[in-house]
Amino acid sequence: MSVRLFSVLFAVALAPVAGAAEDPLKPWLQARVREHLAYFASPSLATVDAPATAGVSSLWRERPAGYAGLPHFTPPTSLAPLIRAVEAGVVNITTVGPGAVVGAVKRSTGSGFVLTPDGLVVTNNHVVANAQGPAVNPTGSGVTPGKDGPREVPVQQVSVRLADGREFPADVVGRDASTDVALLRLNGAGLGTLPAVFLGDSDALEVGDWVVAIGNPFGLDHSVAHGMISAKERVLGVGQFDDFIQTDALINPGNSGGPLFNMKGEVIGVNTAIISEGQGIGFAVPINLVKDLLPNLRENGKLERGWLGVVINEDGADPTATAPVVKDVYRGSPAAQAHIRPGDRLVAVNGRPIGSYLQLLRKVALLAPGTEAKLTLLRDGGTQEVAVRLVARPAQEATEGLSNRGGSSANDLGLVLRDLTPEVAAPLGYEAFLGALVSGVVPRSPAEQAGLRAGDVVMEVNRRRVKDASGVKAALERGSAGASILLRVQRGDALQYIAIAR
């Protein structure tokens, strides 16, 4: 386009102007021609600082013969050495279970990779979602009565085959639908020296990086596809953990759960999804997200979400903000215990940078309750690191009880109360308005430490009878500041006194 514009301008500049002694546009056009000539002769046209030779009429630039190429770029000549080094850690997964028709068997296949030499394997949740152990039957013997006598029930099972042909049965250790990640454990002899892969750093990926996908598409054992990173942090609308790597390496049915390797032979993603209407559009779960999730799956069998206890400013008032800003801190929360305060800017979790509220939510929610996390924050122009021990996320009503804006004495104790109305009391077997029902207890609050729990009914506060939640709050407000509080509580058929230290 620039060459064409130059030609047009040059022709116009040299063309005589009929009927005019001096064309006022001529000096301007000649100046533009000089600018374009200078532009085409400028070294800035070269992509690197390298010598060049002129093409015909100086319309283009050519590198001289024998030029070494772009600095910091080595085009791959063959991926065979990389594939030989990593393919042993890629596995095929077969799931067998009962089909929709009685007596039928449903078989599905997928891919995965060896995480540890002793037999932990990572794959997709949807590959093994229906493989939760033997089918339940009345006799426990693998058969169940039928119209014509006992019949066998198909047993749901997972089989994992390695590249060397060895095959192992596997159990589902844990799985999570929101991230589509599952963790398996192989059973049998020969474990302990399996070819485990190395995990990389998905945060370090750049668009354009070369990648290799290995899997079992359509049952074609250990098929290899290569491509590049097309985009990062793709949002597909599947949930709060929407953070996918997009690649044009071919991913087909059967590739699910398989690894996406970088050029160092490290797994940087778990191949998960495709757009069926398109070609060369595949998605992988970033391996850093998987790293955060795996301890949770191993210990709990599912995603037990950690909770920090902060309210993040999401109003967009500061367009230059590069990290979440704390707007409020819940009382008694892990953040409050760590002395995090409003105005702090959270910049990293366990050394990994965060640049948005969603990134903070993902990193914290993937950590199991009880995990100690290291937070890096900016405060008063300086950087600080604080250690926070996460807890299980409380129910919504308990979270409301933690709010600093609540202001009631019941909330100060960590109690979430509701009136014992006839509709509430009848299913529980209590009389209406005989007290206040504890519908939630804030984690690590004075009420929890004293032993109160959801379902208790508070009948007295400091030996004063109460009949509803407002009565409890009024009685608490009459108490002396700093003094212990004595509650009379009904728990089932038992009545007991519980003292709470403020």
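Above this text you will find the structure in question.
Residues numbered from 1 in each chain as written. Predicted model: local features only at pLDDT ≥ 70, side-chain atom pairs only at ≥ 80, totals over all residues. Heavy atoms only, no water.

End to end, helix α5 (residues 287-300) covers 20 Å across 14 residues, agreeing with the expected 20 Å (1.5 Å per residue, within 8%). L293 marks the point of greatest bend in α5, at about 35 degrees, and the proline P295 comes within the next four residues. Listed as buried for α5 are I287, N288, L289, V290, D292, L293, L294, N296 and L297. Remark: G301 follows α5 within two positions and exhibits a positive phi of approximately 80 degrees. (Helix = DSSP H or I, 4+ residues; strand = E, 2+ residues; numbered from the N terminus. Expected span 1.5 Å × (residues − 1). Bend = angle between axes of the 7 residues up to and from the residue. Buried < 20%, exposed > 50% of the residue type's maximum accessible area, 1.4 Å probe, protein only.)

Within strand β12 (residues 210-215), five of the six residues are buried, which leaves the element mostly enclosed by the surrounding structure. In this structure, β12 lies alongside strand β13 (residues 223-234), joined through six bridges in antiparallel fashion. Its bridge partner lying in β13, V211 is registered against G227. Here two bridges tie β12 to strand β15 (residues 259-261), and the two strands are oriented antiparallel to one another. Counterpart to V212 in the pairing with β15 is F261. (Pairing = 2+ DSSP bridges.)

Among all positions in helix α12 (residues 469-478), only A469, V472, A475 and L476 are buried. Taken down its axis, α12 places every buried residue within 125 degrees of arc, on the same side. For α12, the exposed residues set more than 90 degrees away from the buried face come down to E477 and R478. (Arc of directions from axis to C-beta.)

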